[in-house]
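This is what each chain is made of:
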Amino acid sequence: MEFVSIRIITGDVARLVAFYERATGARATWFTEDFAELQSAGAVLAIAGTRTVPLFAPGSARPADNHSVITEFLVDDVDRVHRDLTGFVTDFVSGPTTMPWGNRSLLLRDPDGNLVNFFTPVTPAAVEKFARRRPAQPVTQEP
């Protein structure tokens with residue numbers, strides 16, 4: 001088995017894609033007006049509109065109703081990401097905080113209210129755990 005992506009269902013695909021493009025620096029590949037993907041070295045973030053839900057099972061997913069999943073992005077410098085996203089992100093849940101497991105994390109909500117965590121390993125054990133991965137950095141752009 002290979003984990004390949006996570007998909008967010010939204011009522012406004014263009015708005016959510018624009019948010020993640022700005023927040024991550026990745027550019028989306030659009031497949032239809034209802035479906036786009038942002039590719040990173042480790043996984044794909046798929047964003048799909050509500051019109052795609054009935055293709056799986058009608059009523060099986062509802063946009064802007066996530067209360068249990070956090071989408072996470074490994075970055076080189078979480079404090080810089082916080083500075084870069086200040087003024088763009090409207091809902092920071094918590095500023096950069098060093099967690100007991102060794103990551104410095106920035107928790108925020110996307111425009112649909114989904115939780116997003118940008119993190120940087122800071123303890124030796126956490127740095128070693130993520131040493132094989134190459135973190136991406138959000139691209140600083142004017143809002």
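Note on numbering: residues in each chain are counted from 1, in written sequence order. Residues qualify for local features only when their pLDDT is at least 70, as the model is predicted, and side-chain atom pairs are given and counted only at 80 or more; totals for whole chains, interfaces and linings, by contrast, use all residues. Think of the side-chain values as coming from all heavy atoms in the structure, minus any hydrogens and water.

Chemist: What exactly am I supposed to notice about the overall build of the chain here?
Modeler: Scanning the chain from terminus to terminus reveals four helices and eight strands. Reading the chain from its N end, one meets helices and strands in the order β-α-β-β-β-α-β-α-β-β-β-α. If you line up the chain on its principal axes, its C-alpha atoms span 45 × 40 × 25 Å. When each of the 143 residues of the chain is scored for burial, the buried share is 39%. Between two residues, a contact is recorded if the distance between any of their heavy atoms is within 4.5 Å. In the chain, the proportion of contacts linking residues at least 24 apart, taken out of those at least 6 apart, comes to 54%. Accessible surface area values rest on a Shrake-Rupley calculation with a 1.4 Å probe, where residue burial reflects the displayed protein chains alone. Surface summary for the chain: the accessible area is close to 8,500 Å², and the carbon and sulfur share equals 55%. In summary, the charge assignment counts Lys and Arg as positive and Asp and Glu as negative, without counting His or the chain termini. To locate a charge, the coordinates of NZ of Lys, CZ of Arg, CG of Asp or CD of Glu are taken. When the 14 positive and 17 negative side-chain charges of the chain are each reduced to one mean point, those points stand 3 Å apart. Secondary structure elements follow DSSP: runs of H or I of four or more residues count as helices, runs of E of two or more count as strands, with numbering from the N terminus. Burial status follows relative accessibility: with a 1.4 Å probe on protein chains alone, a residue under 20% of its type maximum counts as buried, one over 50% as exposed, and anything between as partly exposed.

Chemist: Would you explain the UniProt feature "domain: VOC" (unreviewed entry) in the chain in this entry?
Modeler: UniProt positions are given in the numbering used here, feature names are shortened, and annotations may be inferred rather than shown by experiment. Mapped onto this numbering, the UniProt entry annotates "domain: VOC" (unreviewed entry) at residues 2–121. From the first C-alpha to the last, residues 2–121 spans 24 Å; its make-up is 20% helix and 40% strand.

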